[in-house]
There are 2 protein chains.
Amino acid sequence: MENFRLYIPTDIRFGKERLRELPEALEPFGKRVLFVYGGGSIKKIGLYTKIMALLKKHNLIVAELSGVEPNPRIESVREGIAIARQQQVDVILAVGGGSVIDASKVIAAGVYYDGDAWDLITDKSLVGEALPLVTILTLAATGSEMNRNAVISNLATKEKRGTSGWELIPRVSFLDPTLTYTVSKWQTAAGSADMMSHLFEQYFNRTEGTDVQDSIAEGLLKTIIKHAPIAIREPDNYISRANLLWASTLALNGLVGQGRSGAWSCHAIEHELSAYYDITHGIGLAVITPRWMKYCIDRDASTHARFADYARNVWGLTDGTDKELAQKAVRQTYRFFKDQLGIPMTLPEVGIKTQDILAEMSQKAVEHGNLSENRFVNLGTEAVEQILRASFEPMDNNEQS
Amino acid sequence: MENFRLYIPTDIRFGKERLRELPEALEPFGKRVLFVYGGGSIKKIGLYTKIMALLKKHNLIVAELSGVEPNPRIESVREGIAIARQQQVDVILAVGGGSVIDASKVIAAGVYYDGDAWDLITDKSLVGEALPLVTILTLAATGSEMNRNAVISNLATKEKRGTSGWELIPRVSFLDPTLTYTVSKWQTAAGSADMMSHLFEQYFNRTEGTDVQDSIAEGLLKTIIKHAPIAIREPDNYISRANLLWASTLALNGLVGQGRSGAWSCHAIEHELSAYYDITHGIGLAVITPRWMKYCIDRDASTHARFADYARNVWGLTDGTDKELAQKAVRQTYRFFKDQLGIPMTLPEVGIKTQDILAEMSQKAVEHGNLSENRFVNLGTEAVEQILRASFEPMDNNEQS
């Protein structure tokens, strides 16, 4: 285990019927609120009206930024910064999924930054002071509600990239499982794949002696594997929605990732798919992950022991050599995404028909994600291209034996 | 899962050679420091000298309270409050194990309380504002370094009782595994039993649908079961000391306990043993816990499923009915404490020879711990007495079949 700092001062309010605590959560920071949300689903479920009534009752002054995109764009961030400055906002209230929260984080920092907001994405050392952020989560996926990360897309330059800063951690986050009842089967599947990917990206790692972190990752994976299919079948199953929601938050708040080095792989590849094709992030991750796993196992025998841990401790597999267990675990992962979550598991099925720009995307993934060093298995451009190319065909035929 | 608030703003600095960060951690709170420590082991390992040199180099003004007891006494707390007031202390630096940190917490709150400090223990609603607290941990056990709880003993009234308050959470905690290298086999065993007991007290619970919390508890238990015997054999095994230290902190910082109701049992019983006989807390817990488990299984078949989860997910047991698995898991727990941790597993072996005051202790345990309601299995005076009486004889004979 390596040295680490863990500092997560987000005040989590988990559970149902806690909205009455919202004014008390906002008021310490001031009276002027920027209310940020997405495409209007919070209006459909009546949440928008409830929040506005509550804020007005407490004489809070509300500015609004609506229409933040699923892969949030830098244009929305710029717009939010302009509003926040003009309205002299004291605090940001983000209501939505990770995209709304991520955009709000960069707005919060952008208010204090003189240059263009995209600079904060390409160079996180520029992220300094930020407005306080309060969130109300409506989608279990990114973990943004309890961490200091944000991912923003720039369609003009075909880039989707991450930034981070200690000042970006939300001060208070409301996690109400009932607000996720109306999340579609598709988005529930995508969110579940996203949180599983967060755990994989941290679990498949070379740092030794991280049993605490590993056992938490395994526990959260088992919890997601148990509850995601239930939430898809029974959207208003409170226990499953609650476990998914809390697992998604803990999957990426530092508990699993701290104490080890070695960085992520599949997210960097997926970011190129989303940057070029604007596909749903979690779906892209579900497609890429099993191909990445197979690539690691095929190319590097030193990965087998860790994949065998995954097989034993997450899937309960017991029979076989480490390599056999590793291969079985990849198959289980693929079948879980396909059969249990109902995710289309090839790129053509999600609208990516041509392989013409695979080389370009692969090169950018390696470059933006720095994939060729300090990874579980280092990836060059050819490796990424091979993983992407494999994502055009089903894995069932060559995997089932 | 039930509604919960999770707010743990402790800034954790985990790892070796981080002492140079101490002045930066203290200075935001002021220049006048109350340095609290125990019986002098920090002098033996050279830590005292290093800290004093560092504080003086940074022109911090240091008052001292030394000699805080293993079961910290209210007299030490009163003394600390007097010094803190007289020296107009800005911040408390606690260096030691849970006892030193617990005493420091009540000193921190006591400075702002006009009455006698024991009031803060018997009525936690009186705990309000508190001095900021920075800790340097030297023993993996209580989790006090990242939570808002404190347990104090009053030998005059033969009471050992807990209090808590949001203001008592340490602001910064330094967790350096190398500082635990000199912890004796006995204290390593006791600390490990203590952290396991914290997990048991939260895991054996009636709230349904807490898979996130349960899987984290199971993971931490497996980690402790793996690493405690190694740390006892090889006191300077960094990986094992690191995993034990981090597991002890996470075992009682809210992650496992939040989202469920139903309170603890074994700690309340042990507190009476420590109050009457001043025995090592973790050792008392190791002795009592398997007898409490056996009592639950023998008396209440509705506990079998949960004990069977424990058997399967922590000990990897697979064969048998839930009841059989439950019984096997109790045996494993007992044998682990005895054979792997080397704990004397009867009360006479730890110096409690007479059964004369069992009835009195049992009555107090039920009363102070409110053991007869809202427990995994409610316990009356007779039940506690039966558990204590069983702790006078080895379990091996009647358990091995």
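Residues numbered from 1 in each chain as written. Chains lettered and ligands numbered in written order. Predicted model: local features only at pLDDT ≥ 70, side-chain atom pairs only at ≥ 80, totals over all residues. Heavy atoms only, no water.

**Regarding the sheet that holds strand S3 (residues 61-65) of chain A**
Logical step 1: Strand order across the open sheet formed by twelve strands is S3(A)-S2(A)-S4(A)-S5(A)-S8(A)-S1(A)-S1(B)-S8(B)-S5(B)-S4(B)-S2(B)-S3(B), with mixed pairing between neighbours. The open sheet has two edge strands with one neighbour each: S3 of chain A together with strand S3 (61-65) of chain B. Shown here is a sheet whose adjacent strand axes are inclined to one another by a mean of 25°, direction ignored.
Logical step 2: Here helix H9 (residues 238-251) of chain A sits on the sheet in contact with strand S1 (4-14), strand S5 (133-137) and strand S8 (172-175) of chain A together with strand S1 (4-14) of chain B, set at roughly 150° to S1 of chain A. (Pairing = 2+ DSSP bridges. Helix = DSSP H or I, 4+ residues; strand = E, 2+ residues; numbered from the N terminus. Axes fitted to C-alpha atoms, helices over the stretch in contact; angles between N-to-C directions. Contact = heavy atoms within 4.5 Å.)

**What to know about the interface of chain A and chain B**
Logical step 1: Facing 39 residues of chain A, the contacting portion of chain B comprises 38 residues.
Logical step 2: Between chain A and chain B lies a buried interface of about 3200 Å² when both sides are counted; carbon and sulfur atoms form 57% of it.
Logical step 3: Between Asp-211 of chain A and Lys-226 of chain B there is a salt bridge, with its nearest N and O atoms 2.8 Å apart.
Logical step 4: The tally of links between chain A and chain B comes to 24 residue pairs in polar contact (both at pLDDT 80 or more).
Logical step 5: Elements that contribute at least two residues to the side of chain A that touches chain B include exactly S1, helix H8 (211-233) and H9 of chain A. (Buried area = accessible area lost by both parts, 1.4 Å probe. Salt bridge = Lys/Arg side-chain N within 4 Å of Asp/Glu carboxyl O. Polar contact = N/O pair within 3.5 Å; in protein donor to acceptor, adjacent residues only side chain to side chain.)

**Notes on the packing of aromatic side chains**
Logical step 1: By the definition in use, this model includes 38 aromatic pairs over all chains.
Logical step 2: Judged by centre distance (4.3 Å) and plane angle (25°), the ring pair of Phe-204 of chain B and Phe-307 of chain B falls under stacked. Here Phe-204 of chain B, found in the loop between helix H7 (185-203) and helix H8 (211-233), pairs with Phe-307 of chain B, found in helix H12 (residues 304-315); they are 103 residues apart in sequence, far enough to count as distant.
Logical step 3: Note on Phe-204 of chain B: relative accessible area 2%, which makes it buried.
Logical step 4: Relative accessible area serves as the criterion here: at 0%, Phe-307 of chain B is assigned to the buried category.
Logical step 5: Through a chain of ring-to-ring contacts, the aromatic side chains of Phe-200, Tyr-203, Phe-204, Trp-292, Phe-307, Tyr-310 and Phe-376 of chain A assemble into a single cluster.
Logical step 6: A cation over an aromatic ring shows up here: Arg-306 of chain A above the ring of Tyr-203 of chain A, its NZ or CZ 4.1 Å from the ring centre.
Logical step 7: Directly above the ring of Tyr-238 of chain B sits Lys-16 of chain B, whose terminal nitrogen or CZ lies 4.1 Å from the centroid. (Phe/Tyr/Trp six-rings, centres within 6.5 Å; stacked < 30°, edge-to-face > 60°. Buried < 20%, exposed > 50% of the residue type's maximum accessible area, 1.4 Å probe, protein only. Lys NZ or Arg CZ within 6 Å of the ring centre and 35° of its normal.)

**Topic: the UniProt feature "domain: Fe-containing alcohol dehydrogenase-like C-terminal" (unreviewed entry) in chain A**
Logical step 1: Within the UniProt annotation, "domain: Fe-containing alcohol dehydrogenase-like C-terminal" (unreviewed entry) is assigned to residues 188-391 of chain A.
Logical step 2: Annotation note: span residues 188-391 of chain A, helix share 67%, strand share 0%, distance between end C-alpha atoms 22 Å. (UniProt positions renumbered as here; feature names shortened; annotations may be inferred.)

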